[in-house]
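# Structural characterization, general
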Amino acid sequence: MDIEYTMNLRTDGEKMARAAARDLDAHVPTCPEWNVAKLVIHTGQHHRWVADAVRGGGTPPERPGKPGLRGDELIEWFRAGWQELADLLDDSDDETPAWSWSGDNRVGFWRRRTTLETLVHRWDAENATGTGTSLDPELSSDGIDEMLFVMLATDDSTYKGKKGVIEVGPTDAPGAWVLPLEEGTKAIASRATGDGSPDGATARITGPAESLLLFLWGRLGPEAVTIDGDRALFDDFRSWAE
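Nothing here was measured: the structure is a model prediction, and the numbers come from that model.

## Looking at the sheet that holds strand S5 (residues 226-229)
- The strand order across the open sheet built from five strands is S3-S2-S1-S4-S5, with neighbouring strands paired in mixed fashion. For this open sheet the edge positions go to strand S3 (190-191) and S5, each flanked by a neighbour on one side alone.
- Judged from the two bridges that link them, strand S2 (residues 177-181) and S3 form a sheet pairing that is antiparallel. Residue pairing across strands places Trp 177 opposite Arg 191, the latter belonging to S3.
- Sheet contacts for helix H6 (residues 209-216): strand S1 (164-170) and strand S4 (203-207); angle to S4, the most-contacted strand, approximately 120°.

## With respect to the packing of aromatic side chains
- For the coordinates displayed, the defined rule picks out seven aromatic pairs.
- Here Trp 49 and Trp 99 contribute two aromatic rings whose centre-to-centre distance is 5.8 Å and whose plane-to-plane angle is 75°, an arrangement assigned as edge-to-face. In this pair, Trp 49 sits in helix H2 (residues 36-56) while Trp 99 sits in the loop between helix H3 (71-90) and helix H4 (107-129), placing the two residues 50 residues apart along the sequence.
- The buried category is assigned to Trp 49, whose relative accessible area is 7%.
- The partly exposed category is assigned to Trp 99, whose relative accessible area is 21%.
- With a centroid separation of 6.4 Å and 50° between ring planes, the pair formed by Phe 237 and Trp 240 is classed as tilted. Placement of both Phe 237 and Trp 240 in helix H7 (residues 231-241) is noted, with a separation of three residues, approximately one turn of the helix. A single burial state applies to Phe 237 and to Trp 240, both of which are buried.
- Here Arg 63 stacks its cationic end above the ring of Trp 49, 4.0 Å away from the centre of that ring.

## Concerning the packing of H2 against H4
- The geometry of H2 relative to H4 is characterised by a closest axis approach of 11 Å and an angle of 170° between their N-to-C directions. Viewed along their axes, H2 and H4 adopt a mutual orientation that is roughly antiparallel. For the pair H2 and H4, contact is made by Val 36, Leu 39, His 42, Thr 43, His 46, His 47, Trp 49, Val 50, Ala 53 and Val 54 and by Val 107, Trp 110, Thr 114, Glu 117, Thr 118, His 121, Asp 124, Ala 125, Ala 128 and Thr 129, respectively.
- Across the contact of H2 with H4, the residue classes break down as 10 nonpolar, eight polar and two charged.

## Things to note about the packing of helix H1 (residues 5-22) against H3
- Their axes nearest at 10 Å, the elements H1 and H3 cross at an angle of 180°. Here H3 runs roughly antiparallel to H1, going by the angle between their axes. For the pair H1 and H3, contact is made by Thr 6, Leu 9, Arg 10, Gly 13, Glu 14, Met 16, Ala 17, Arg 18, Ala 20 and Ala 21 and by Ile 75, Phe 78, Arg 79, Trp 82, Gln 83, Leu 85, Ala 86, Asp 87, Leu 89 and Asp 90, respectively.
- The residue inventory of the contact of H1 with H3, partitioned by class, reads 11 nonpolar, three polar and six charged.

What counts, and where the lines are drawn
- Residues numbered from 1 in each chain as written.
- Predicted model: local features only at pLDDT ≥ 70, side-chain atom pairs only at ≥ 80, totals over all residues.
- Heavy atoms only, no water.
- Pairing = 2+ DSSP bridges.
- Helix = DSSP H or I, 4+ residues; strand = E, 2+ residues; numbered from the N terminus.
- Contact = heavy atoms within 4.5 Å.
- Axes fitted to C-alpha atoms, helices over the stretch in contact; angles between N-to-C directions.
- Phe/Tyr/Trp six-rings, centres within 6.5 Å; stacked < 30°, edge-to-face > 60°.
- Buried < 20%, exposed > 50% of the residue type's maximum accessible area, 1.4 Å probe, protein only.
- Lys NZ or Arg CZ within 6 Å of the ring centre and 35° of its normal.
- Parallel < 35°, antiparallel > 145°, perpendicular 65-115°, else oblique.
- Nonpolar A, V, L, I, M, F, W, Y, C, P; charged D, E, K, R; others polar.

Here it is, written out as structure tokens:
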């Protein structure tokens, strides 16, 4: 996939700003301890933290402070953060050193990570304010890939549950993934190849890429996806991944 990450960062940053401007006091059901204002502050701090990581090369950045703003001033502070970060990323090469928690200490890691972070939090803001718009299927599919190859891979916890193989596949975007699961071991994903489902999958999770991504991030429940095969394995996977 040839994804224009900073273009998506700008698009989703602006969509999030517009959704937030409708009601900063709205409760965010998918981040139950927050209202929209706190979601905006969190995401704006993230953008500034990533910008500092890019500027700092191999030096871990400090967490930015809270802006102490409300209303329109908070929205403009948020806009300024993603705009500055997008400009910085556009002026940076993927291979330029930049500290990260993942072990992938390159600007390219952050170009992808911050775009996907903004995508999901844009959905949070739109969901909270009743202004939902669809997520790009290709970018959502890339987010599934990141979840399985980065987020789960950097999680030190081992799987607890029934042994089996989970396959994850979007119905509207390229890509399919296989995740072998065995009690007491780390789950290591691989990308499926070929036109059909890989041999050995005992449970399959399919659906639009948007629904799969939001399900994996705990934004939507199992009713949002299609589950075939071993439901007990799926339930154990879901309990472990939450």
